[in-house]
Amino acid sequence: MQPAIKRDAEFEEKLKKVDEMLKKYEGQKGVLLQVLQEAQRIVGYLPIEVQKKVAEALDVTLSEVYSTVTFYSFFNLKPRGKYQIRVCLGTACYVKGADKVLGRIEQELKIKVGDTTEDLKFSLDACRCVGACGLAPVVIINDDVYGRLTPDRVPEILKNYE
């Protein structure tokens, strides 16, 4: 289940900040990526309201904005959690049990890969190689790297973020 997108005063304030940011780019060409990155920094993700504002301000189609957002993996269409969990599923990690570690994380947080917990605390993603094959299997939570993991260690690691 995906978290409900909050349309509260805080969200509306972020939309106003996006409007202010967009003013400095109106009429400029070739700035779509930069504008989307700034908008995501402000809001935390790129909901349709923000995409429409960007398209209008830059005089491009909404489909061009959406195509760009969905092409690049660093843009998010959904709110992301405070803690970004990435489970490496590269060959070394997979052979050493990364799929079981991932399954335990999904079980503990009650979410699947690509989802965010309802309280917006955790987002879960799988990735290919993170370049730490000697530590396989590896999980990265924000900037913290956990290696040689077993499914049994998952609960104690998650407790560090509560």
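The residue numbering used here restarts from 1 in each chain and proceeds along that chain's sequence as written. Per-residue local features of the predicted model are confined to residues with pLDDT of at least 70, and side-chain atom pairs are confined, for both listing and counting, to 80 or more; whole-chain, interface and lining totals are unaffected and use all residues. As a rule here, side-chain values cover all heavy atoms of the structure and leave hydrogens and water aside.

(A) Quick peek at helix α4 (residues 62–71). All of the buried residues along α4 are Val65, Thr68 and Val69. Buried residues along α4 cover an arc of 100° about the axis, so they all sit on one side. Contacts are assigned to residue pairs with any non-hydrogen atoms lying within 4.5 Å of each other. Under the scheme used here, helices are H or I runs from DSSP no shorter than 4 residues and strands are E runs no shorter than 2 residues, and both carry numbers assigned from the N terminus. Buried-residue contacts for α4 involve α2 (32–43) and α3 (48–58). Burial classes follow relative accessibility: with a 1.4 Å probe on protein chains only, a residue under 20% of its type's maximum area counts as buried, one over 50% as exposed, and anything between as partly exposed. Directions are taken from the helix axis to each C-beta atom, and the arc is the one they span.

(B) View of the pattern of salt bridges. We count a salt bridge whenever a side-chain nitrogen from Lys or Arg sits within 4 Å of a carboxyl oxygen from Asp or Glu. Scanning the entire structure with this criterion turns up eight salt bridges. The salt bridge involving Asp19 is made with Lys53; its shortest N-O contact spans 2.9 Å. With Asp19 in helix α1 (residues 9–23) and Lys53 in helix α3, the pair connects residues that are 34 residues apart, well separated along the chain. Taking the shortest distance from any N to any O, the salt bridge between Glu108 and Arg104 comes out at 2.9 Å. One end of the pair, Glu108, and the other, Arg104, are both in helix α6 (residues 98–109), four residues apart, so they sit about a helical turn from each other.

(C) Examining the packing of α1 against α3 more closely. With their axes 10 Å apart at the nearest point, α1 and α3 run at an angle of 15° to one another. Judged on the interaxial angle alone, α3 and α1 are roughly parallel. Two packed elements cross with a definite hand, and for α1 against α3 that hand is right-handed. Only Glu49, Val50, Lys53, Val54 and Ala57 of α3 make contact with α1, whose side of the interface consists of Phe11, Leu15, Val18, Asp19 and Leu22. For helices, the fitted line uses only the C-alpha atoms of the stretch in contact; every axis is such a line through C-alpha atoms, and the angle between N-to-C directions lies from 0 to 180 degrees. Any angle from 65 to 115 degrees is called roughly perpendicular, while one under 35 is roughly parallel, one over 145 is roughly antiparallel, and all others are oblique. With the far helix as reference, a near helix turned anticlockwise by less than a right angle produces a left-handed crossing, and one turned clockwise produces a right-handed crossing.

(D) Quick peek at the sheet that holds strand β2 (residues 122–127). A pair of strands is labelled paired if DSSP reports no fewer than 2 bridges between them. Taken together, four strands build an open sheet; the order of strands is β2-β1-β3-β4 and the sheet is mixed. Here the strands that pair on one side only, and so sit at the sheet edges, are β2 and β4 (144–146). Adjacent strand axes in the sheet meet at a mean angle of 20°, parallel and antiparallel pairs treated alike. Where strand β3 (residues 139–141) and β4 come together, three bridges link them in antiparallel fashion. Bridge pairing in β4 links Ile140 to Val145. Against the sheet, α6 makes contact with β1 (83–88), β2 and β3, and its axis sits at roughly 150° relative to β1, the strand it touches most.

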